[in-house]
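Examining the three-dimensional arrangement
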Amino acid sequence: MSVTFSAMQAPLPPIEDRGGPSQPLLIARGLRKEFRLADGLFGGRTVVHAVDDLSLTVNKGETVGIVGESGCGKSTAARLIAGITPADDGEVVFDGESFWTPRTRIDAERRRAIQMVFQDSASSLNPRMTLTETLAFGPRAHGVPTAVARTYARDLLAAVGLPPSRFAERYPIQLSGGQRQRVNIARALAIRPRLLILDEPVSALDKSVEAQVLNLLVALREELSLSYVFISHDLNVVRYIADRVVVMYLGQVVEEATSAQIFAAPRHPYTRALFASKPSLDPRRRIEAPPLTGDPPDPVNPPSGCRFRTRCPIAEAVCAAAKPPLAAAAPEGEGHKVACWAAQPGSGHSLAPRPMGALQ
Amino acid sequence: MNALARIISEGSGAAPSPMLSIAGLNVAYRGGAGWTPVVRGVDLALAPGRSLVLLGESGSGKSVTLRAIIGLLREEGARVDGEVRVGGRDVNAMAPDELLKLRGNEVGFIFQEPMTALDPVFRIGDQIAETIVQHRGTSWRQAMATARELFDLVQIPSAERRLKAYPNELSGGLRQRAMIAMAMSCDPRLLLADEPTTALDATVQIQVLLLLREIQKERGTAMVFVTHDLGVAAEIADEVAVMYAGRIVEQGDAAQVLLNPSHPYTHALTGCVVQGSYRDHRLGELAGAPPDLAQLPPGCSFAPRCARRQEDCRLTDPARRPVAPRHDVACLHAADLPAGTAGGR
């Protein structure tokens, strides 16, 4: 890389840190989003609870990974946090200040702080704009003069490994998938955000290109003191890049822990099954039985109580009766939370740990 | 080149005549300035009941090779040379009506995206029954009964109800199972699968891979499976053939190729596998990009990106040669590679 971000003359000022190092960069509380589908034949309403009571904290310099299967609400969660999709309920606090609530809008200056990179690198770029125009667009919208923004755009290209002499005047269709994703990352960084939300940024890439883009993201985070929310269905990718991991199932968080904790000792039966489904890479040690059977249930009619119970190997009566809260997992204590009755002391599940201080 | 094919099929201890044999397959498409080669001299042999994974990145020629097996390429305007034999019969010499009998009857095909392969306006059961009536000439009632059995084979719950469903009414995992049921409807001896699990979630992907393994075991079906994912290859392959720029650069037993790769390209691919945490190491990278097939570099096509490139690599296009029993590599310097360095650590 010939140009680095720190050596670059950025036309937009950095967003100042207000809360200090111990203030989390992002706190999302109680996010909720329902999508109403077409009304049924007899006037019945069909509602998908895409995200149900999601809370999330991202510390400064941290990467939080969100994992889950298609339809679990992880992309909706990302769009809610960024304020692209308006939430039904909840709030987001950014560096100690309200970023949005269901009743407030985000002003242009503050919106700069959170940017997104999407999975489909082609459809998220304007096919009729050259790369220079694409990268200059954001800064210009924030008042940077065109000539300055265009020079800056060339520096940005260089910083993500695309020499401007060859790439500046190209159109998105003239790039490979990996190159397009580099442009998307450069575009998100052009207006100097502090938090990047990456929604499956490497899922559509070839494996050798995936490694290049992940290395680039790790380097950029260091250099620009960024924080990431990284969404992926690929556990190896999340394990590599994330400091903390949130596991979602049908719109709800089922487990949350540091990357080291969760990969060493997953507590929720769904997390365990997900991890056990990961191909081994060793033909001599293959998976012999499917860790889970069937597909995730229809989110329009989620099961009562714990939403995972219909596929759970340890489900009991209590699981159908009530939704388990996301609470500290007993042995690990701090930081490792799980929403499973089998991990809640005194829940009535036969595998639950005995309540603290119980006499018998 | 058939010598190679013979060695592979004999080595696996299976029947002497391979289910599938490909010799000197060349495929070219008409590009801006003449013909662009996309498959360049592929040789393969597969014994009955065995599974072969074609592993490679986009544009390496793996899907084209797969489609050549059922003679789909000429219809697309491609130029095809070489020999493709399924059960001993040359596919390239078949008349159009013979090809129609081959496809779906002797050879089943599973596509990556079932929504584009299934017809959205017909019920799934009807689509499967139609295939059976077409190829086997049975009554509709009999065909539907077979379809019902097939749904049991691919473990679709509530089979009666699902046979009457339209494709859009099923989840991704069930649709892929339905496609496998359709591919198996005439009990083919060879199954071709083009990235059938790439669009599926992790928990569903492993179910489909296990299902394919089970079907193979139960029915003795041979399978060619295309993927770019080394983990998927490790779960399904007996043998692996690694493709780069239209050529097989390494081929052998799955464990041998994946755990002890000999070609620098395979070696680099295993190094790109994402594992561990960023705190401990940076990921291995494969510098550069695959070559433009219209303007291939002289000598070895991988040489411009190869970390172990030497003078002669730019001059000589390496032929495939054995480095171990049932393990061939197309690299001039394969034997010089340090052993046991796989895994990208």
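Residues numbered from 1 in each chain as written. Chains lettered and ligands numbered in written order. Predicted model: local features only at pLDDT ≥ 70, side-chain atom pairs only at ≥ 80, totals over all residues.

A few words now on the overall build of chain A. Within chain A one finds 11 helices and 12 strands. The C-alpha radius of gyration computed for chain A amounts to 22 Å, which stays within 12% of the reference 21 Å derived for 360 residues, consistent with globular compactness. In terms of its C-alpha atoms, chain A occupies a principal-axis envelope of roughly 75 × 55 × 50 Å. Taking all 360 residues of chain A together, the buried fraction comes to 47%. For chain A, long-range pairs separated by at least 24 residues make up 64% of all intrachain contacts whose partners lie at least 6 apart in sequence. (Helix = DSSP H or I, 4+ residues; strand = E, 2+ residues; numbered from the N terminus. Rg over C-alpha atoms; globule rule 2.2 N^0.38 Å. Buried ≥ 20, exposed ≤ 12 C-beta atoms within 10 Å, placed from the backbone. Contact = placed C-beta atoms within 7 Å.)

Turning our attention to the interface of chain B and chain A. In this assembly, 38 residues from chain B lie in contact with 36 residues from chain A. Elements supplying a minimum of two residues to the side of chain B that touches chain A: helix H8 (172-183), helix H9 (202-219), helix H10 (230-236), helix H11 (254-259) and helix H12 (264-272) of chain B. Per-element tally for the side of chain B that touches chain A: the top contributor is H9 of chain B, with six residues. Among the residues making up the side of chain B that touches chain A, the classes are represented as 22 nonpolar, 11 polar and five charged. (Nonpolar A, V, L, I, M, F, W, Y, C, P; charged D, E, K, R; others polar.)

Residue and element names in this part refer to chain A. Domains assigned within chain A are domain 1 (26-242) and domain 2 (264-343). In this complex, domain 1 contributes six residues to the contact, which on the side of domain 2 involves seven residues. Here the residues of the side of domain 1 that touches domain 2 are counted per class, giving two nonpolar, three polar and one charged. (Domains from an automatic or database assignment.)

This part covers the sheet that holds strand E8 (residues 222-227) of chain B. Residues and elements named next belong to chain B. Strand order in the open sheet made by the eight strands is E6-E7-E8-E3-E9-E10-E12-E11, with mixed pairing throughout. Two strands bound the open sheet, and with one partner strand each, they are strand E6 (107-110) and strand E11 (321-324). Shown here is a sheet whose adjacent strand axes are inclined to one another by a mean of 20°, direction ignored. Pairing between strand E7 (residues 190-194) and E8: five bridges, direction parallel. Within E8, the position partnered with Leu192 by the bridge is Val224. (Pairing = 2+ DSSP bridges. Axes fitted to C-alpha atoms, helices over the stretch in contact; angles between N-to-C directions.)

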